[in-house]
Amino acid sequence: DGGITQSPKYLFRKEGQNVTLSCEQNLNHDAMYWYRQDPGQGLRLIYYSQIVNDFQKGDIAEGYSVSREKKESFPLTVTSAQKNPTAFYLCASSIWAGGPGDTQYFGPGTRLTVL
Amino acid sequence: QKEVEQNSGPLSVPEGAIASLNCTYSDRGSQSFFWYRQYSGKSPELIMFIYSNGDKEDGRFTAQLNKASQYVSLLIRDSQPSDSATYLCAVRDNFGNEKLTFGTGTRLTIIP
């Protein structure tokens, strides 16, 4: 069954803790992305990666870190430096063919709550 | 700063009618346009994309693009209660750049 998996589905964090959100895909997609969604808001790009061992900051990278050691995996760490981490986190992936229809497909998301 | 604007709604449409969702974008160089549907508490799922001026149809859905007016729309024919969701418009600035800029979404409610 091909797709994108994210874990956990729900995550609770105490202030001052770092947490890592998992994202795995078996679609053989080159590119992977992390977005954040706040209530009533659109998606905002945190980080993205086009190839293994390379990634770029998105629009709101402060307080987050990522790694891309394997094509299938793109974990996101929410650090204690992120001032307002409570949000819905979405991972996506796409092929990187440079064509107009290169489409991002989303995982089911992780809902992070800071207590 | 690239902007993608959508009316937040809620937009209420009777069952069986046509729902019309609109999106404007600020970057005239934008090349590809995507419509996603997001049910409450779920992740976005792709409905369709368009990159040429004019209409593109897929079942009950039609995307319309007018690059001169920087305007893209989504029409849903024969609206069903299961179409009730938030619809997100996303824009990509060129074919080699995979980054998408999302609007805040329009909440659509189909009234039985």
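Structure: above.
Analysis parameters
Residues numbered from 1 in each chain as written. Chains lettered and ligands numbered in written order. Predicted model: local features only at pLDDT ≥ 70, side-chain atom pairs only at ≥ 80, totals over all residues. Heavy atoms only, no water. Salt bridge = Lys/Arg side-chain N within 4 Å of Asp/Glu carboxyl O. Buried < 20%, exposed > 50% of the residue type's maximum accessible area, 1.4 Å probe, protein only. Helix = DSSP H or I, 4+ residues; strand = E, 2+ residues; numbered from the N terminus. Contact = heavy atoms within 4.5 Å. Buried area = accessible area lost by both parts, 1.4 Å probe. Polar contact = N/O pair within 3.5 Å; in protein donor to acceptor, adjacent residues only side chain to side chain. Nonpolar A, V, L, I, M, F, W, Y, C, P; charged D, E, K, R; others polar. Phe/Tyr/Trp six-rings, centres within 6.5 Å; stacked < 30°, edge-to-face > 60°. Lys NZ or Arg CZ within 6 Å of the ring centre and 35° of its normal.

*Asks:* Before we go on, may I ask you to explain the pattern of salt bridges in this structure?
*Replies:* Should the charged atoms of two oppositely charged side chains come close, the side chains can pair. Residue and element names in this part refer to chain B. Applying the stated criterion across every chain, the model contains 6 salt bridges over all chains. For R37, the salt bridge goes to E45, with nearest N and O atoms at 3.3 Å. The class for E45 is partly exposed, based on a relative accessible area of 34%. A salt bridge links D83 to R60; the shortest N-O distance between them is 2.9 Å. Taken together, the positions of D83 in the loop between β8 (71-76) and β9 (85-92) and R60 in the loop between β6 (54-58) and β7 (61-66) put the pair 23 residues apart, joining distant regions of the chain.

*Asks:* Please explain the interface of chain A and chain B as it appears in this structure.
*Replies:* Reports of interface size often rely on the accessible area that becomes lost once the parts have come together. Facing the 27 residues of chain A at the interface are 21 residues of chain B. Approximately 1800 Å² of surface area, both sides summed, lies buried where chain A meets chain B, with 57% of it carried by carbon and sulfur atoms. Applying the counting criterion to the chain A and chain B interface returns 0 salt bridges. The interface formed by chain A and chain B includes 4 residue pairs in polar contact (both at pLDDT 80 or more). Broken down by class, the residue content of the side of chain A that touches chain B amounts to 13 nonpolar, 11 polar and 3 charged.

*Asks:* Is there a simple way to explain the packing of aromatic side chains in this structure?
*Replies:* For any pair of aromatic rings, geometry is given as the distance between the ring centres together with the angle between the planes. According to the stated counting rule, one finds 12 aromatic pairs over all chains in the structure shown. Their ring planes at 45° and their centres at 5.6 Å tell us that Y35 of chain A and F106 of chain A sit as a pair that is tilted. Within this pair, whereas Y35 of chain A is found in strand β4 (residues 31-37), its partner F106 of chain A is found in strand β10 (residues 105-106), the two being separated by 71 residues in sequence. Plain terms: the ring middles of Y36 of chain B and F102 of chain B are 5.8 Å apart, the flat faces sit at 45° to each other, and that makes the pair tilted. Here Y36 of chain B is found in strand β4 (residues 32-38), whereas its partner F102 of chain B is found in strand β10 (residues 100-102), with 66 residues between them in sequence. Considered together, Y36 of chain B and F102 of chain B belong to a single accessibility category, that of buried residues. For K56 of chain B, the ring lying beneath its charged end belongs to F49 of chain B, and the centroid distance is 3.8 Å.

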